[in-house]
Amino acid sequence: MKRISARFNKQNIERGIRYLQRNGISETFYKATERLSRDEDEAGYEAWLETQLPDTEELKRQRNTEFKKRYKISILVPAYETPPVFLREMIESVIAQSYTDWELCIADGSRSDTVKNCVMDMVGRYCAEIGSCRIKYQKLDKNYGISVNSNKALEMANGDYVGLLDHDDLLAPDALFETVSILQTGLYEEGCILNNRISAVYSDEDKVDGATGRHFDHHRKPGFNLDLLRTNNYICHFFVVSSSAAKRAGGFRTEYNGAQDHDFILRCVENAPKESIAHIPKVLYHWRAHEDSTADHPESKLYAYDAGKRAIEAHLERMDIEAQVLYTPHLGFFRIKYAVGEERVAVLSRETWNAVKQNGLDQIEEEYIMIMNNSLRPVTPGWQRELLGHLVRADVGAVAGKILDRTGHIESAGYSRNEEGKLVANFKGLSGHHSGYLHRANLQQEVDGLPLDCMMIKKQALVNGSAGIAMSKDYIAVYDPYAVFRRW
């Protein structure tokens, strides 16, 4: 009841009404019950977070750590009329970093001198501790908007890598240490030059209430997943990218204001090898949620979701992928509907597939094979074309949809490897009406495995292995929740 009472406030009621108007009574009911369930799951989050924070001794150890290669991190902050209390806390969170090779680049588009005065005060206060040149400040002649202001901060940077920090958010004290630590794993020598395979790094994050300081909405992120990134900007913060990659990406684009980070991240990573994008599974970034922020009030910036849609469309065009980007009931989350032609699919039962594995693939003429257990029935009209849309992509070798059991709960939404390397069914047991953690049960994404009795595979991607026919490692597997099957 306490959690329900906490959710029952004016702002959430207004958000609920808007959601109801867009999606109807049934969807609103399921969203509300799932949101309350997640609140219960997060009841002990702040206590857990305390156990993850580095203590004084650990921070001292981090400050004294000698790295094989030190990197200068330039932190980019576009500022605009930032409340001084939040601006000071943001700057202090940078000054408190246990890794000290950084610079803070603030581009200020404010009309007033509020930000300027606050920054100058902070520089004067901490000058002896950090030096006067570590905090770079530029007062712009006008407010050019979030993208140009961010580019102005990027122009000020001369670090090896740049990190994105909003003007009222907070970094954990070990954010830069953890970032530089993982960069050490990408080092390699080429002649006498020490290079790095890692071009970008991102971490987990949460939100912090601007009024109470309460931490909530822990965002646990997966490893790099381009398919998931096409559905929403799950990388978001804390994102650090090599300066060279940032410049190749062309910085931030004004036509995507509101979703400029999503567009920028897509440009930075879309052609990069998967192993060059590193994920740190620690909360290193705290996204401020207050009355005027998108974090606390996503409906306040609906234009951002249109910009996000256009950013994904531009990304797909650059990748020469023909697809349609569609809105979903959840703001900021999208569905990609890939174009297909008249490709033919051989539909086989699980038993027939077992015989094919024994006798060879040559007996099948079609390039695409659908394996479906006799106990399953498709629920979605057009399910074949939905799955086939992924397989016509050059990088995809297999795809599967959402499988519901006889009670309407999720039996399989693809598989992910746990810390022990074992495949675990995603969202197993979740009601089919619910979207899951951060809606991921209803988002297209790359997965580590698929159910053997309900998937579509590309014959070209299959190879003969010691355990029979298997998919080549050159291809990925994809989960698509928009093709639904049910046990009967």
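Scroll up to find the structure.
Note that the coordinates shown come from a computational prediction; the quantities given were computed from them, not determined experimentally.

This paragraph deals with the nonpolar core. Judged by nonpolar contacts, the single largest core of 43 residues is most densely connected at Ile75, Ile91, Leu104, Ile106, Val119 and Ile135. Taken together, the elements giving at least two residues each to this core come down to β1 (73-79), α5 (84-95), β2 (102-108), α6 (114-130), β3 (135-139), α8 (175-184) and β11 (277-289). No other element matches the seven residues that α6 contributes to this core. Excluding residues that lie within four positions of it along the chain, leucine 104 makes contacts with Ile75, Val77, Met90, Ile91, Val94, Arg134, Ile135 and Lys136.

This part takes up the packing of α5 against α6. Between α5 and α6, the least distance of the axes is 10 Å, while the angle of their chain directions is 30°. Comparing their axes, α6 and α5 come out roughly parallel. Once α5 is placed against α6, the crossing between them reads as right-handed. Here Pro84, Leu87, Arg88, Ile91, Glu92 and Ile95 of α5 lie close against α6, whose contacting residues are Thr114, Val115, Cys118, Val119, Met122, Arg125, Tyr126, Glu129 and Ile130. Taken together, the residues that form the contact of α5 with α6 break down as ten nonpolar, one polar and four charged.

For the rest of this paragraph, the subject is the pairing of strand β12 (residues 323-327). Alignment of β12 against strand β13 (residues 334-338), held across five bridges, turns out to be antiparallel. Bridge pairing links alanine 323 to tyrosine 338 in β13. The hairpin turn running from β12 into β13, its antiparallel successor, is six residues long, and glycine 332 in that turn takes a positive phi close to 85°.

Most of strand β15 (residues 368-372) sits out of view: five of its five residues are buried. By the alternation rule, side chains of β15 split into Tyr368, Met370 and Met372 and Ile369 and Ile371, which are all buried. In this sheet, β15 lies alongside strand β14 (residues 345-349) in parallel orientation, the contact comprising five bridges. The partner of leucine 348 across the bridge, within β15, is isoleucine 371. Handedness of the crossover joining β14 and β15 through helix α13 (residues 350-359): right-handed. In this structure, β15 lies alongside strand β22 (residues 454-458), joined through five bridges in antiparallel fashion. Following the sheet pairing, methionine 370 is matched in β22 by methionine 456.

Let us now look at unusual backbone geometry. Across the junction of histidine 237 and phenylalanine 238, the peptide omega takes the value -5°, indicating a cis bond. Tracing the backbone through its elements, the reader meets phenylalanine 238 in the loop between α9 (226-231) and β10 (239-242). Residues other than glycine seldom take positive phi values, yet aspartate 217 does so here, at roughly 50°. Tracing the chain through its elements places aspartate 217 in strand β9 (residues 215-219). Here phenylalanine 427, not a glycine, exhibits a phi torsion of approximately 60°, which is positive. Within the secondary structure, phenylalanine 427 is located in the loop between β20 (423-425) and β21 (445-447). On the basis of relative accessibility, which here comes to 23%, the residue phenylalanine 427 falls in the partly exposed class.

With that settled, the discussion passes to the packing of aromatic side chains. Enumeration according to the criterion identifies ten aromatic pairs in this entry. Both rings, one in tyrosine 327 and one in phenylalanine 334, keep their centres 5.7 Å apart while their planes meet at 45°; by these two values the pair is tilted. Accessibility expressed as a relative area gives 2% for phenylalanine 334, which makes it buried. The structure contains a cluster of three or more aromatic residues connected by ring pairs, namely Phe67, Tyr99 and Phe177. The cationic tip of lysine 152 hangs over the ring face of tyrosine 144; the distance from NZ or CZ to the ring centre is 5.6 Å.

Basis of the calculations
- Residues numbered from 1 in each chain as written.
- Predicted model: local features only at pLDDT ≥ 70, side-chain atom pairs only at ≥ 80, totals over all residues.
- Heavy atoms only, no water.
- Core = buried A, V, L, I, M, F, W, Y, C linked by side-chain atoms within 4.5 Å.
- Buried < 20%, exposed > 50% of the residue type's maximum accessible area, 1.4 Å probe, protein only.
- Helix = DSSP H or I, 4+ residues; strand = E, 2+ residues; numbered from the N terminus.
- Contact = heavy atoms within 4.5 Å.
- Axes fitted to C-alpha atoms, helices over the stretch in contact; angles between N-to-C directions.
- Parallel < 35°, antiparallel > 145°, perpendicular 65-115°, else oblique.
- Left-handed = near helix turned anticlockwise from the far one by under 90°.
- Nonpolar A, V, L, I, M, F, W, Y, C, P; charged D, E, K, R; others polar.
- Pairing = 2+ DSSP bridges.
- Right-handed = clockwise from strand over helix to strand, strands pointing away.
- Phe/Tyr/Trp six-rings, centres within 6.5 Å; stacked < 30°, edge-to-face > 60°.
- Lys NZ or Arg CZ within 6 Å of the ring centre and 35° of its normal.

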